[in-house]
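Topology and contacts: notes
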Amino acid sequence: TSNNLSKAILSNYLRIVDQVVFRNDSAVISLNLVNDDSVRGIQFDLTFQDGFVFDFQNVVSTSILNNFSISISSLGANTFRFVVFTFTNNVILSGDQTIFNLPIFVSQTVALGNYEFIISNVVLSSQTNQNISSNALVIGLITVDEVDVTLPVLTLLGNNPETLEV
């Protein structure tokens, strides 16, 4: 008799980490690599919705990419191409880890609500230079919210309690 073992489907994709941001304010968005297989190279396009200004010249890569070369360029229409590569045998081991911190500015004109930044044309290269990217199992949401402007309240206790807004 033969054993019929089902092989688990491996996932290798990029995702934005969910985050709340505010209008007319700066924020740093995390982009994660989720990979069951070791990855040797990465290429993808990232498109930001209107009203989100991406400061691509000040992207910070995390230590996971220390031994890799990185290129980020504007393709126009608020779309940016990221290329991560190495000429050595360095790989990124499996995990769900932040690879880039993306500085953005949220314009005052952006409506409140949830937004997806579109990650497209993803190529994740294996140690044998094969594309091992899969469909994303998680899509991160950026939530644009109001800044909490609730005034702090100070209550003085004693014989004559007093409540003050500060």
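Above this note sits the structure.
Calculation notes
Residue numbers here run from 1 along each chain, matching the order of that chain's written sequence. The predicted nature of this model means local features are confined to residues of pLDDT at least 70 and side-chain atom pairs, given and counted, to a pLDDT of 80 or more, with totals for whole chains, interfaces and linings taken over all residues. Side-chain calculation: all heavy atoms of the structure are included, whereas hydrogens and water are not. Starting at the N terminus, helices and strands are each numbered in turn, a helix being any DSSP run of H or I of at least four residues and a strand any DSSP run of E of at least two. Between buried and exposed lies partly exposed: a residue is buried under 20% and exposed over 50% of the maximum accessible area for its type, with that area taken using a 1.4 Å probe on protein chains only. Contacts were defined at the residue level, with two residues in contact if any of their heavy atoms lie within 4.5 Å. Method for areas: the Shrake-Rupley scheme with a 1.4 Å probe, in which residue coverage is limited to the protein chains shown. For this analysis, a ring pair means two rings from Phe, Tyr or Trp (six-membered ring only for Trp) whose centres lie within 6.5 Å, classed as stacked if their planes differ by under 30 degrees, edge-to-face if by over 60, and tilted for the remaining angles. Only strands that DSSP links by at least two bridges are regarded as paired with each other. The way it works is a 1 Å grid over only the protein atoms, where trapped points that fit a 1.4 Å probe form a cavity and open points with protein on both sides within 12 Å along at least five of seven lines form a pocket, and then any residue with an atom within 4 Å of a point lines it. Grid points are joined across faces, edges and corners, and a volume is the space filled by probe spheres set on the points. Between N-to-C directions, angles cover 0 to 180 degrees, with each direction set by a line fitted to C-alpha atoms, over the stretch in contact for helices.

Further remarks concern the overall build of the chain. Each helix and strand in the chain was counted, giving zero helices and 14 strands. In the chain, the order of α-helices and β-strands from amino to carboxyl end is β-β-β-β-β-β-β-β-β-β-β-β-β-β. By the burial criterion, 31% of the 166 residues in the chain qualify as buried. Within the chain, counting contacts between residues at least 6 apart in sequence, those at least 24 apart form 75% of the total. Counting only carbon and sulfur atoms, one obtains 49% of the accessible surface of the chain, whose full area is about 10100 Å².

Scanning the entire structure with this criterion turns up 11 aromatic pairs. Centre to centre, the rings of Phe 48 and Phe 54 are 4.6 Å apart; their planes meet at 25°, and the pair counts as stacked. A connected cluster of aromatic rings, assembled from ring pairs, spans Phe 44, Phe 48, Phe 52, Phe 54, Phe 56, Phe 80, Phe 82, Phe 100, Tyr 115 and Phe 117.

Attention now goes to the pairing of strand β9 (residues 95–106). Consecutive side chains along a regular strand alternate between the two faces of the sheet. With 11 bridges joining them, strand β3 (residues 25–35) and β9 adopt antiparallel strand pairing. Bridge pairing in β9 places Ser 30 opposite Asn 101. Sheet topology note: the strand β6 (residues 60–61)/β9 ladder contains two bridges and is antiparallel. Among the inter-strand pairings, Ser 61 is bridged to a residue of β9, identified as Phe 100.

Empty space within the largest pocket amounts to approximately 240 Å³. Lining the largest pocket are 16 residues, and of these Leu 14, Ile 119, Ala 136, Val 138 and Ile 139 lie nearest its centre. Taken together, the elements giving at least two residues each to the lining of the largest pocket come down to β1 (12–16) and β11 (118–125). At four residues, β1 tops the list of elements feeding residues into the lining of the largest pocket.

Turning to the sheet that holds strand β7 (residues 69–76), a few remarks are in order. Across the sheet, four strands lie side by side as β7-β8-β4-β11; this open sheet has antiparallel pairing. Of all the strands in the sheet, the pair left with one neighbour each is β7 and β11. Direction aside, neighbouring strands of the sheet carry axes that sit 10° apart on average. Inspection of the sheet shows strand β4 (residues 41–47) paired to strand β8 (residues 79–85) by six bridges, in the antiparallel sense. Note that in β8 the partner of Gln 43 across the bridge is Val 83.

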